[in-house]
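Coordinates in review
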Amino acid sequence: MSYAAAVDQLNAMVPELYQSAGQPRRKFSLDEIRILLAAIGNPHRRFKSVLIAGTNGKGSTAATLASILRASGLRTGLYTSPHLARVNERIQLNRAEIGDDDFAKIYFIVHDTAQQLVLDGQLPQLPSFFEILTAQALLYFAKSHVDIAVLEVGMGGRLDATNIVDPLLSVITDISLDHMEWLGSTVAAITREKAGILRRRGTLVTLPQHPEANQTLGEVAAELGVRGVSAVPYMPPGDASSDSPYCVRALGATVLVDSPLFGAHQRRNVALAIAAAVELAGKHGLPVSPRAIAEGIRKTSWPARLERFERNGVEWILDVAHNPAGAWALRAGLNGVLADEHKPHILIFSCLRDKPVVEMAQILFPLFDEVIIPPIHTARAAALEDLLAAAESTGTPATPADSVDEAMQVAINKADNGVIVVSGSVYLVGEARSLLLQEHRSGEGGTQS
C-alpha cells in the first residue's frame, strides 16, 4: 500500500499510446471509466468543472485559470498531463501537489476496484494508465471538497477519460497536427475529436485560429446549439510590446495582465483563461473579481514553458515544445534571446519517434551552433540515427550523448557563457530540470529567473 508500490504499478502499465509490432492497439471508450467511477461513488458529480482541450497551450491555459480561481478564494483542483518529474504534479489542490500518502491510498482504492470489476466481468480489461490517474484525480478532488476543478484533456477529447465530467465550460486552445495516428490526418479531423468536449446547449470559449479548425468548431457548435464565447476582447492591444505587462477590460474594470509565462503565444492562453473566468463569474455566479484575475495571472506557475535558469554564467531555457506548432512558438520566443552572435547557442534535443522529427529539426536546429542528442527513458523515443540524420539535413553539427546529465555537461563546456536550450520532449526537459534544480539546492551556483 506504499507510494513506491503505487508508482511502480502505474509505471508497469503498458503506455496506452504505444504498442509493439504485432500488438493490437488499445481501443478507448468512455464506457469503461464510467463503470469504474460508478463503482467508487461517481466522484466527478460532486464538484463543478471546466474542461480544456487543444493541441498546444491547454496546460498553460488550465494553470492560469486555476490560479485565477484560487485567487478568487475558491478551493480549486487542477489536473494536467504529462508530468515533468513526479506523477503527483498531475493532481493539484490549491497549487499543492497531492501528497504521497493520499496518492497511494487513492491509487489502491481505484486499482483494487477496477481489478474487482474485471473479475466480475463488468470491465473487459484493467483501465489504462491515464484512466487510472484520471479516476484518482476525480476521487481526490471529491474527497477534498473542491469548489471547482480545471481539467486538461490528455489527448483528443471525445474519448479522453476527462470527458466523463459535465463541465460548466469547454475551452479549446490552438489546434494543429499532432497524434495523427489516433486523432486523424487533417486539422479538421483532429478538431472534430477535440470538439467532443462540447455539450449540447453548452458553452465554448475559444479564439480564432486555423481556418479548418474554425470551420469545424463552428459546425459542431451549431449542431449542438453551443453558445460561443470569444477571448478576443482579452488579447493585448496591438501596440503592446513583447513580454511586457498590458491592460485589458474585464468585469467592468481595467485588469493588469502581468503573466510570468514568456512568449507571445502565451497571450492567447491567458486571454482564454480570462474569458473563462469572466464567463464563470457572469453566468455561473462564481466570486471572480478583476483583482482576482490580475492576481491569479501574476501568480501562475507552469514550469518548462520558456522557463529560464541562470547557472554559472550560462543561461538555460527549458521548453516542452514537442510538435511543430510548439517548435514554432519556441523559435518565436527565442528571437531576442539568441540575438548575440558572439555567444554560443547550444540545443539539447530529443523527441518521440511518433513526432515529425525532420520538420521539428528544420524549425529549430538552424538557430543553434550545435545540437546535443541524449537518450530519453521511454520505449517511444526516436532512434538516435534518425535524430542525427535530421540534424545533418539542416547542416547543423550534432553530437550524441550517453545520458541527459552528460549532454548537459557537454553543453556547458561548449556554451562559454552562452545560451543552452533544452527542448523536444517532456521526458528530456523534466530530467534536465530536475538536474538543474538539484545543482541549485546543493549550492553549486545560480538563481532561477
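Residues numbered from 1 in each chain as written. Predicted model: local features only at pLDDT ≥ 70, side-chain atom pairs only at ≥ 80, totals over all residues. Heavy atoms only, no water.

Remarks on helix α7 (residues 187-194)
All of the buried residues in α7 are V187, I190, T191, E193 and K194. Summarising the axial view, the buried residues of α7 lie within an arc of 160 degrees, below the 170-degree limit, and thus occupy one face. (Buried < 20%, exposed > 50% of the residue type's maximum accessible area, 1.4 Å probe, protein only. Helix = DSSP H or I, 4+ residues; strand = E, 2+ residues; numbered from the N terminus. Arc of directions from axis to C-beta.)

Let's talk about the sheet that holds strand β4 (residues 96-97)
The strand order β4-β3-β2-β5-β1-β6-β7-β8 describes an open sheet built from eight strands, whose pairing is mixed. In the strand order of this sheet, the two ends are held by β4 and β8 (227-230), each with one partner. Where strand β2 (residues 76-79) meets strand β3 (residues 91-93), three bridges bridge the pair, whose relative direction is antiparallel. Counted as the bridge partner of Y79 is I91 from β3. (Pairing = 2+ DSSP bridges.)

Let's talk about the pairing of strand β7 (residues 203-206)
Burial of the side chains of β7 extends over both faces: T203 and V205 are buried on one face and L204 and T206 on the other. Examined bridge by bridge, β7 and β8 share four bridges and lie parallel to one another. Looking across to β8, one finds that L204 is bridged to G228. Running through helix α8 (residues 211-224), the crossover from β7 to the neighbouring parallel element β8 is right-handed. (Right-handed = clockwise from strand over helix to strand, strands pointing away.)

Looking at the nonpolar core
Residues L10, Y79, F103, V110, F141, L151 and L198 are the most contacted members of the largest nonpolar core, which totals 59 residues. Top contributing element to this core by residue count: helix α5 (residues 129-143), with eleven residues. (Core = buried A, V, L, I, M, F, W, Y, C linked by side-chain atoms within 4.5 Å.)

Overview of unusual backbone geometry
Residue P82 is bonded to the preceding S81 through a cis peptide linkage, with omega at -10 degrees. Within the secondary structure, P82 is located in the loop between β2 and β3. A positive phi angle is found at R201, which is not glycine, with a value near 60 degrees. If you trace the backbone, R201 turns up in the loop between α7 and β7. The phi torsion at L306 lies on the positive side, around 50 degrees, for a residue other than glycine. Among the structural elements, L306 can be located in the loop between α10 (290-298) and β11 (307-311). Since its relative accessible area comes to 4%, L306 is described here as buried.

A short note on the side chain of T55
In this structure, T55 sits in the loop between β1 (48-53) and α3 (58-71). Look at T55 and you get buried, because its relative accessible area is 8%. Side-chain polar atoms of T55 contact the backbone nitrogen of S176, separated by 3.0 Å. (Polar contact = N/O pair within 3.5 Å; in protein donor to acceptor, adjacent residues only side chain to side chain.)

What to know about the layout of surface pockets
Leftover empty space is mapped by rolling, across the atoms, a probe with the size of a water molecule. Of the volumes computed, that of the second largest pocket is approximately 310 Å³. Lining the second largest pocket we find 19 residues, and of these E89, Q92, S301, W302 and P303 sit closest to its centre. (1 Å grid on protein atoms, 1.4 Å probe; cavity = no way out; pocket = protein on both sides within 12 Å on 5 of 7 lines; lining within 4 Å. Points joined across faces, edges and corners; volume = space filled by probe spheres on them.)

A closer look at the pairing of strand β12 (residues 314-319)
Taken across its six residues, β12 has five buried, putting it largely inside the fold. Hairpin geometry of β11 and β12 is characterised by an intervening segment of two residues between the two adjacent antiparallel strands and by a positive phi of about 50 degrees at N312. By the bridge criterion, five bridges tie β12 to strand β16 (residues 419-423) in an arrangement that is parallel. Considered in β16, the bridge of I317 is made with V421.

Some remarks on the packing of α7 against α8
Relative orientation and spacing of two packed helices are given, respectively, by the angle between their axes and the distance between those axes. Where α7 meets α8, the closest approach of the two axes is 8 Å, and the angle between their N-to-C directions is 40 degrees. Like other packed secondary-structure pairs, α7 and α8 cross with a definite hand, here right-handed. Across the interface between the two elements, V187, A188, T191 and R192 from α7 touch E212, A213, T216, L217, E219, V220 and E223 from α8. Its residues assigned to classes, the contact of α7 with α8 shows five nonpolar, two polar and four charged. (Axes fitted to C-alpha atoms, helices over the stretch in contact; angles between N-to-C directions. Left-handed = near helix turned anticlockwise from the far one by under 90°. Contact = heavy atoms within 4.5 Å. Nonpolar A, V, L, I, M, F, W, Y, C, P; charged D, E, K, R; others polar.)

Some thoughts on the packing of aromatic side chains
What the rule picks out here adds up to six aromatic pairs. Measuring from ring centre to ring centre gives 5.6 Å for Y3 and F103, while their planes differ by 75 degrees; the resulting arrangement is edge-to-face. A residue pair is termed long-range when its members are at least 10 positions apart, and Y3 in helix α1 (residues 3-12) and F103 in helix α4 (residues 100-119) qualify at 100 residues. Residue Y3 shares its accessibility class with F103, and that shared class is buried. With a centroid separation of 5.1 Å and 80 degrees between ring planes, the pair formed by F349 and F365 is classed as edge-to-face. Of this pair, F349 sits in strand β13 (residues 345-349) while F365 sits in the loop between α12 (357-364) and β14 (370-373), and the two are 16 residues apart along the sequence. Judged by its relative accessible area of 0%, F349 falls in the buried class. The exposure class of F365 is buried, given its relative accessible area of 0%. Grouped by ring-pair contacts, the aromatic residues F47, Y140 and F141 constitute a single cluster. Just above the ring of F262 sits the side chain of R308; from NZ or CZ to the centre is 5.1 Å. (Phe/Tyr/Trp six-rings, centres within 6.5 Å; stacked < 30°, edge-to-face > 60°. Lys NZ or Arg CZ within 6 Å of the ring centre and 35° of its normal.)

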